Amino acid sequence: MQTPGAGALDDANYPAYAMGAAADTLGVTPAFLRAVEQAGLFEAHRSGGGHRRYSRADLQRADRARHLVDDGLRLDAAVRIVSLEYQLAAATTMIEVLRRRLGE
């Protein structure tokens, strides 16, 4: 028998992190998380009370952007690069799916 909510533990898109925990996990300020969200990297989930909540997927994107900013890129450039990297990964996955279908 699966415990209630156990599926959420495996879901990278489940908004499990509050703002403070997310910032601490990445070693950034809450302002950085708000800035990457405002720049369009992702849209934070909202709790019933309106507080921002972040998923592991959100944190992975923010962490990648942080590394690029640490390397000297402007925040808007870092966000654009990360967004394009994720689009490329999704397109590559779709190409592989279509290739498998064609091979069947």
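Above this text you will find the structure in question.
Cut-off values and rules
- Residues numbered from 1 in each chain as written.
- Predicted model: local features only at pLDDT ≥ 70, side-chain atom pairs only at ≥ 80, totals over all residues.
- Heavy atoms only, no water.
- Helix = DSSP H or I, 4+ residues; strand = E, 2+ residues; numbered from the N terminus.
- Rg over C-alpha atoms; globule rule 2.2 N^0.38 Å.
- Buried < 20%, exposed > 50% of the residue type's maximum accessible area, 1.4 Å probe, protein only.
- Contact = heavy atoms within 4.5 Å.
- Areas by Shrake-Rupley, 256 points an atom, 1.4 Å probe, with all protein chains shown as cover.
- Lys, Arg positive; Asp, Glu negative; His and termini not counted.
- Charge placed at Lys NZ, Arg CZ, Asp CG, Glu CD.

Q: What is the right way to look at the overall build of the protein chain in this model?
A: The secondary structure content of the protein chain amounts to 5 helices and 3 strands. Of the regular secondary structure in the protein chain, the N- to C-terminal order runs α-β-α-α-β-β-α-α. The globule rule puts the C-alpha radius of gyration for 104 residues at 13 Å, and the 16 Å found for the protein chain is more than 25% above it. Counting only C-alpha atoms and orienting by the principal axes, one finds that the protein chain spans roughly 50 × 45 × 20 Å. In the protein chain, which comprises 104 residues, the share counted as buried stands at 25%. For the protein chain, long-range pairs separated by at least 24 residues make up 55% of all intrachain contacts whose partners lie at least 6 apart in sequence. Counting only carbon and sulfur atoms, one obtains 54% of the accessible surface of the protein chain, whose full area is about 7000 Å². The protein chain carries 13 positive and 13 negative side-chain charges, and their two centres are separated by 3 Å.

Any link to function would need more than the numbers given here.
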